[in-house]
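# Survey of secondary and tertiary structure
These are the residues of each chain, in order.
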Amino acid sequence: MNSFLIGAATSNSGKTTVSIGLMRALRKRGLTVQPYKCGPDYIDTKFHTIACGNESVNLDTWLSSKEHVRHVFHKYGKDADMRVVEGVMGLYDGYDRYNGSSGDIATLLDIPVILVINAKSVAYSVAPLIYGFSNFSVNGSHVKIAGVIFNMVSSDNHYHHLKSACDDAGIPCLGYISNNPKLSIPGRHLGLSTDELDKMEELIELCSEEIEKHVDMTMLIRSVYDETSLRKQAKAETHFFQLNKICEKRIAIARDEAFNFTYRANIDALAKNAEIVYFSPLADQRIPACDWLYLPGGYPELYAERLYDNKTMRDSIKEYAEHGGHIYAECGGLMYLSKSIEVVDDVSGSCKNYDMCGVLPIETTMEGARLHLGYRMLKQNGRVMRGHEFHYSKVKESDSYPRELVIEHCQYTSKGAPADTCLYRYRNVVAGYTHWYWGDI
């Protein structure tokens with residue numbers, strides 16, 4: 001197996017554009033590609049899955065232990081011809097300086113990095129930048145830069161200066177991506193909605209064509225092949241996470257266009273000790289027979305009218321909760337369990353309410369939407385859970401909510417400061433905005 005990480009000098013350098021283009025180009029060569037994403041992002045992972053046909057996996061040393069990251073990297077990539085990791089932010093930007101950064105993940109996994117540089121406003125001056133990135137080290141950890149791919153290149157002459165910079169910095173130049181507006185990933189609300197997936201497929205094809213045209217794929221594959229490293233990784237294989245056995249025998253998970261934000265390792269951990277069944281709140285009439293119900297995040301606000309129209313499904317969830325059924329919901333799942341979702345019309349700006357399950361006596365809204373994000377910790381009974389918050393909606397403020405419904409100030413940021421994120425508890429229902437990671441339990 002060959003492995004590499006796609007990192008960048010800064011955010012917005014074109015990592016995702018290069019990643020999906022490379023994944024598709026490798027797939028076209030008949031290779032089986034296993035994609036990964038540094039950090040908790042569950043949107044880029046979906047783009048990866050479209051690009052190469054295999055479900056992407058998150059690698060995050062804040063959400064989980066280093067041993068767990070090594071384990072899932074090998075576990076999900078053991079049958080692949082190529083393992084491709086998309087980095088996060090700048091190469092050395094982590095949740096705490098270098099910790100958790102793309103460079104940290106690359107050294108942890110002992111894999112080389114292909115550095116993406118946005119060359120829109122620079123030419124030969126990238127030479128010291130490349131040299132610095134390839135020679136910088138933290139606490140003795142040194143990232144191996146296998147090569148550079150330039151993005152936003154305007155002409156052959158422009159690329160000539162950039163390639164000369166690579167030569168003088170002593171790092172291979174693998175090729176470039178043209179300055180083409182059609183290759184930009186469009187503005188997105190928590191990623192592309194499922195109605196635009198066809199457009200994403202078209203974009204991935206364009207990116208792969210650009211890669212095949214201007215990137216030396218043979219040179220790239222040779223530059224990331226390290227037989228010695230691969231032997232070390234094979235010896236390091238472990239069976240690290242073992243989810244404590246759960247009493248429930250059957251877990252029903254919502255999965256359709258409206259609910260699809262899950263961590264792959266989470267589901268696999270559950271499946272080791274329980275039967276997993278999937279259902280669609282959009283299309284099915286009732287929830288399946290189950291001992292536990294999981295409503296993950298997604299886009300309920302984009303499908304609010306269809307969720308409202310499916311009253312039999314909403315009623316079955318309400319009935320299940322009132323009779324003591326165990327439900328766990330996060331982000332979009334929380335919105336679905338609320339009394340209603342308030343949606344804002346993009347054209348008129350007017351608001352419209354859609355009744356939801358009504359399990360939780362709260363109301364959610366997209367009005368005045370702003371991004372809430374960050375790592376979260378939950379400490380309970382000497383145990384620490386880790387997760388990630390990322391959403392635009394909010395719970396409407398009200399003095400009428402039952403006081404015992406809200407579990408406040410039980411979550412903390414990555415720095416240990418109290419977070420204003422709430423958990424909600426009603427009977428055997430627990431819901432909140434945080435996407436918890438339990439694949440490492």
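The structure reproduced in this document is the subject of the present report. (Residues numbered from 1 in each chain as written. Predicted model: local features only at pLDDT ≥ 70, side-chain atom pairs only at ≥ 80, totals over all residues. Heavy atoms only, no water.)

### A few points about the sheet that holds strand β8 (residues 145–153)
Keep this limit in mind: Only when DSSP finds a minimum of two bridges between them are two strands counted as paired. Secondary structure elements follow DSSP: runs of H or I of four or more residues count as helices, runs of E of two or more count as strands, with numbering from the N terminus. An axis is simply a line fitted to the C-alpha atoms; with a helix, the fit covers only the stretch in contact. Between two such axes, the angle follows the N-to-C directions and lies from 0 to 180 degrees. We call two residues in contact when some of their heavy atoms are within 4.5 Å.
If you trace the 7 strands from one edge of the open sheet to the other, you get β3-β2-β4-β1-β5-β8-β9, paired in parallel fashion. Looking along the sheet, the strands with just one partner apiece sit at the ends: β3 (57–59) and β9 (173–178). Adjacent strand axes in the sheet meet at a mean angle of 25 degrees when their direction is disregarded. Note: strand β2 (residues 33–38) against strand β4 (residues 82–86), 5 bridges, orientation parallel. Residue pairing for β4: glutamine 34 is matched across the bridge by arginine 83. On top of the sheet, helix α1 (residues 15–28) reaches β1 (2–8), β2, β4, β5 (113–118), β8 and β9; it is set at about 155 degrees to β1, its chief contact.

### A look at the pattern of salt bridges
Applicable threshold: Whenever Lys or Arg places a side-chain nitrogen within 4 Å of a carboxyl oxygen from Asp or Glu, that contact is recorded as a salt bridge. Classification of residues uses two cut-offs on accessible area relative to the type maximum, computed with a 1.4 Å probe and protein chains only: under 20% is buried, over 50% is exposed, and between them is partly exposed.
Applying the stated criterion to the full structure yields 15 salt bridges. Note that lysine 318 is salt-bridged to glutamate 322, the shortest N-O span being 3.4 Å. With lysine 318 and glutamate 322 both in helix α12 (residues 311–322) and 4 residues apart, this pair spans about one turn of that helix. For lysine 318, a relative accessible area of 29% translates into the label partly exposed. Residue classification places glutamate 322 among the partly exposed residues on the basis of a relative accessible area of 26%. A single network of salt bridges, built from pairs that share partners, joins Arg24, Lys28, Glu201, Glu205 and Glu212.

### A few points about the environment of serine 348
Basically, it comes down to this: Pairs of N or O atoms within 3.5 Å make up the polar contacts considered here, provided that, within protein, one atom can donate a hydrogen while the other can accept it, and that residues adjacent in sequence are counted only when both atoms are side-chain atoms.
Tracing the chain through its elements places serine 348 in the loop between β16 (340–344) and β17 (351–355). The spatial distance from the C-alpha of serine 348 to the C-alpha of isoleucine 20 is 35 Å, given a sequence separation of 328 residues. Side-chain polar atoms of serine 348 contact the side chain of serine 350, separated by 2.7 Å.

### Some words on the sheet that holds strand β21 (residues 394–395)
The 4 strands are arranged β17-β16-β18-β21 in an open sheet whose pairing can be described as mixed. The open sheet has two edge strands with one neighbour each: β17 and β21. Bridge count for β16 against β17 is 5 bridges, and the pairing is antiparallel. Considered in β17, the bridge of serine 340 is made with aspartate 355.

### A word on the environment of asparagine 54
You can see asparagine 54 is positioned in the loop between α2 (44–52) and β3. Here asparagine 54 falls in the partly exposed class, since its relative accessible area comes to 25%. For asparagine 54 and threonine 32, which are 22 residues apart along the polypeptide, the C-alpha to C-alpha distance reads 8.4 Å. Residues within four places of asparagine 54 in sequence aside, it is in contact with Thr32, Val33, Gln34, Pro35, His48 and Thr49. A distance of 2.8 Å separates a polar atom in the side chain of asparagine 54 from the backbone oxygen of valine 33.

### Observations regarding the nonpolar core
We count it as follows: The set of buried Ala, Val, Leu, Ile, Met, Phe, Trp, Tyr and Cys residues whose side-chain atoms join them within 4.5 Å is what this entry labels a nonpolar core.
Among the nonpolar cores identified, the biggest contains 127 residues, and Phe4, Phe150, Leu293, Ile317 and Leu337 are the most heavily contacted of them. If we skip the residues at most four places from it in the chain, phenylalanine 4 touches Leu22, Leu26, Met82, Arg83, Val84, Val85, Ile111, Pro112, Ile114, Leu220 and Val224. Formed by 15 residues, the second largest nonpolar core is a distinct cluster that contains Leu270, Ala274, Leu423 and Trp438.

### What about the packing of α1 against α2?
Which entries qualify depends on this criterion: By definition in this entry, angles of less than 35 degrees are roughly parallel, angles greater than 145 are roughly antiparallel, angles of 65 to 115 are roughly perpendicular, and the rest are oblique. Handedness of a crossing is defined here by the sense of rotation of the near helix relative to the far one, left-handed for an anticlockwise turn of less than a right angle and right-handed for a clockwise turn. Amino acids outside the nonpolar list (Ala, Val, Leu, Ile, Met, Phe, Trp, Tyr, Cys, Pro) and the charged list (Asp, Glu, Lys, Arg) are all regarded as polar, and Gly is one of them.
Two elements in contact, α1 and α2, have axes whose closest approach is 8 Å; the angle formed by their N-to-C orientations is 25 degrees. By the angle class used here, α1 and α2 are roughly parallel. The two elements α1 and α2 meet at a crossing, and its hand is right-handed. Counting all contacts with α1, which are made through Thr16, Ile20, Met23, Arg24 and Arg27, the residues of α2 involved are Asp44, Phe47, His48, Ile50, Ala51 and Cys52. For the contact of α1 with α2, a count of residues per class yields 6 nonpolar, 2 polar and 3 charged.

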